[in-house]
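Breakdown of the fold
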Amino acid sequence: MALLKVKFDQKKRVKLAQGLWLMNWLSVLAGIIIFGLGLFLKIELRKRSDMMDNSESHFVPNSLIGMGVLSCVFNSLAGKICYDALDPAKYAKWKPWLKPYLAVCVVFNIVLFLVALCCFLLRGSLESTLAHGLKNGMKFYRDTDTPGRCFMKKTIDTLQIEFKCCGNNGFRDWFEIQWISNRYLDFSSKEVKDRIKSNVDGRYLVDGVPFSCCNPNSPRPCIQYQLTNNSAHYSYDHQTEELNLWVRGCRAALLSYYSNLMNSVGAVTLLVWLFEVTITIGLRYLHTALEGVANPEDPERESEGWLLEKSIPETWKAFLESVKKLGKGNQVEAEGVDAGQAPEAG
């Protein structure tokens, strides 16, 4: 028994074809939007690619760009099919290709749904890649005279100012690395020598942060050096007083920004997916309703359209049987090849 059977007369078939034609062209615009969102997301990730440890995060924008292009192609073709559906002569050339086309549409909808889910599930991968990328980027902050790394200082300073953050997890991360280049250190100074000798790795570590960590909203002039030395500043206690630095780490700031962006893109992609599923269902009804017209020369005849020719269990059973037959056919073919090769070997 057919699933979700609906009766169509000529007037309903015409309205269905016209409605699907309009929906397909609206879906082409939706595909352009998906393409644009993927491109925007890729550009945003490329802006801060130096702060990311690998390129796995580009899988989602690349997938969105590809799905946007495929959506434009498939829906343009579907719009043409719907336009020709009510002309028996034009519809005849599409008739053998409709079932394969609908199968491709189902696969496309499944992939689009998975891409939308990836937008929501990318947070974990993004968090780890940002943590490692920011940590490595901070190590290269001082290399302003090293080719390939000379831009890192500007990149990190711009990042901390733009996102109002400091360090990887917080401002104390700067205490653990040498972020001042050796070319700006006076090695004849006793203080510099003592600091370098006191460190096992021979690095010049200070309890200070770059200027980009300063919070301009603070009424007090920025204290960016000797942050843990209370006696170095008047009326200052680093344990009780709120520092005039950005407290939030850049990893949390970037993760929040990209998570909100990905959630928005994922929501739009899900809406487009629902629209695409609706179009695929409508195309299936149009296909079966036109197939039900016994005499193409009598277009006013009433016909029936359905979503599935059989019930869901029967359809699933038939699908499994077809898969088994396909497997047996491949096995028989392989055995025939082996049998043909055996006499040659003898």
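Residues numbered from 1 in each chain as written. Predicted model: local features only at pLDDT ≥ 70, side-chain atom pairs only at ≥ 80, totals over all residues. Heavy atoms only, no water.

Looking now at the state of the cysteines. Tallied over the entire structure, the rule returns three disulfides. Note that Cys-165 is cross-linked by a disulfide to Cys-250, the S-S spacing being 2.1 Å. Sign of the S-S torsion, about 85 degrees for the bond between Cys-165 and Cys-250, identifies this disulfide as right-handed. Of this pair, Cys-165 sits in the loop between α6 (152–163) and α7 (190–197) while Cys-250 sits in helix α8 (residues 250–291), and the two are 85 residues apart along the sequence. Accessibility assignment for this pair places Cys-165 and Cys-250 in one class, buried. (Disulfide = S-S within 2.5 Å. Helix = DSSP H or I, 4+ residues; strand = E, 2+ residues; numbered from the N terminus. Buried < 20%, exposed > 50% of the residue type's maximum accessible area, 1.4 Å probe, protein only.)

One non-glycine residue with positive phi stands out, namely Lys-164, at about 55 degrees. Judged by its relative accessible area of 48%, Lys-164 is partly exposed. Although it is not a glycine, Gln-226 adopts a positive phi angle of roughly 50 degrees. Looking at the secondary structure, you find Gln-226 in the loop between α7 and α8. Residue Gln-226 is classed as partly exposed on the basis of its relative accessible area, which comes to 33%.

Bringing the UniProt feature "transmembrane region" (unreviewed entry) in the chain into the picture now. Per the UniProt record, "transmembrane region" (unreviewed entry) is annotated on residues 20–41 and 101–122. Secondary structure within residues 20–41 divides into 100% helix and 0% strand; the distance between the first and last C-alpha atoms comes to 31 Å. For residues 101–122, the end-to-end C-alpha separation is 31 Å, with 95% helix and 0% strand making up the annotated structure. (UniProt positions renumbered as here; feature names shortened; annotations may be inferred.)

The subject of this paragraph is the confidence of the model for the chain. Residues at a pLDDT of 70 or more form 80% of the chain, whose mean pLDDT is 82. When pLDDT is averaged over each helix and strand of the chain, the minimum, 59, is found for helix α9 (residues 312–345) and the maximum, 92, for α6. (pLDDT = per-residue confidence, 0-100.)

With that settled, the discussion passes to empty space enclosed by the protein. Applying the stated criterion across every chain yields a total of four cavities of 30 Å³ or more. One number sums up the size of the largest cavity: a volume of about 60 Å³. The wall of the largest cavity is formed by Asn-24, Phe-74, Asn-75, Ala-78, Tyr-101, Cys-105, Phe-108, Asn-109, Glu-276, Ile-279, Thr-280 and Leu-283. The set of elements that each furnish at least two residues to the lining of the largest cavity consists of α2 (59–84), α4 (98–121) and α8. Class assignment for the residues of the lining of the largest cavity results in seven nonpolar, four polar and one charged. Around the second largest cavity, the lining residues are Met-51, Leu-134, Gly-137, Met-138, Ile-156, Leu-159, Gln-160, Gly-167, Trp-174 and Cys-250. Within the residue set of the lining of the second largest cavity, elements represented by two or more residues are α5 (123–139) and α6. Its residues assigned to classes, the lining of the second largest cavity comprises seven nonpolar, three polar and no charged. (1 Å grid on protein atoms, 1.4 Å probe; cavity = no way out; pocket = protein on both sides within 12 Å on 5 of 7 lines; lining within 4 Å. Points joined across faces, edges and corners; volume = space filled by probe spheres on them. Nonpolar A, V, L, I, M, F, W, Y, C, P; charged D, E, K, R; others polar.)

Turning to the pattern of salt bridges, a few remarks are in order. Counted according to the given criterion, the structure contains eight salt bridges. The partner of Glu-44 in a salt bridge is Arg-48, with the nearest N and O atoms 3.4 Å apart. Across the pair, Arg-48 and Glu-44 agree in class, each one buried. Here Arg-48 and Glu-162 are joined by a salt bridge, their closest N and O atoms 3.2 Å apart. With Arg-48 in the loop between α1 (10–47) and α2 and Glu-162 in helix α6, the pair connects residues that are 114 residues apart, well separated along the chain. Take Arg-48: its relative accessible area is 9%, and that puts it in the buried class. Among the residues examined, Glu-162 registers a relative accessible area of 49% and is labelled partly exposed. One network of salt bridges, in which partners are shared, links Glu-44, Lys-47, Arg-48 and Glu-162. (Salt bridge = Lys/Arg side-chain N within 4 Å of Asp/Glu carboxyl O.)

As a further point, take α6. Over its 12 residues, α6 extends 16 Å from the first C-alpha to the last, a length consistent with the 16 Å expected when each residue adds 1.5 Å. The secondary structure elements touched by the buried residues of α6 are α5 and α8. (Expected span 1.5 Å × (residues − 1). Contact = heavy atoms within 4.5 Å.)

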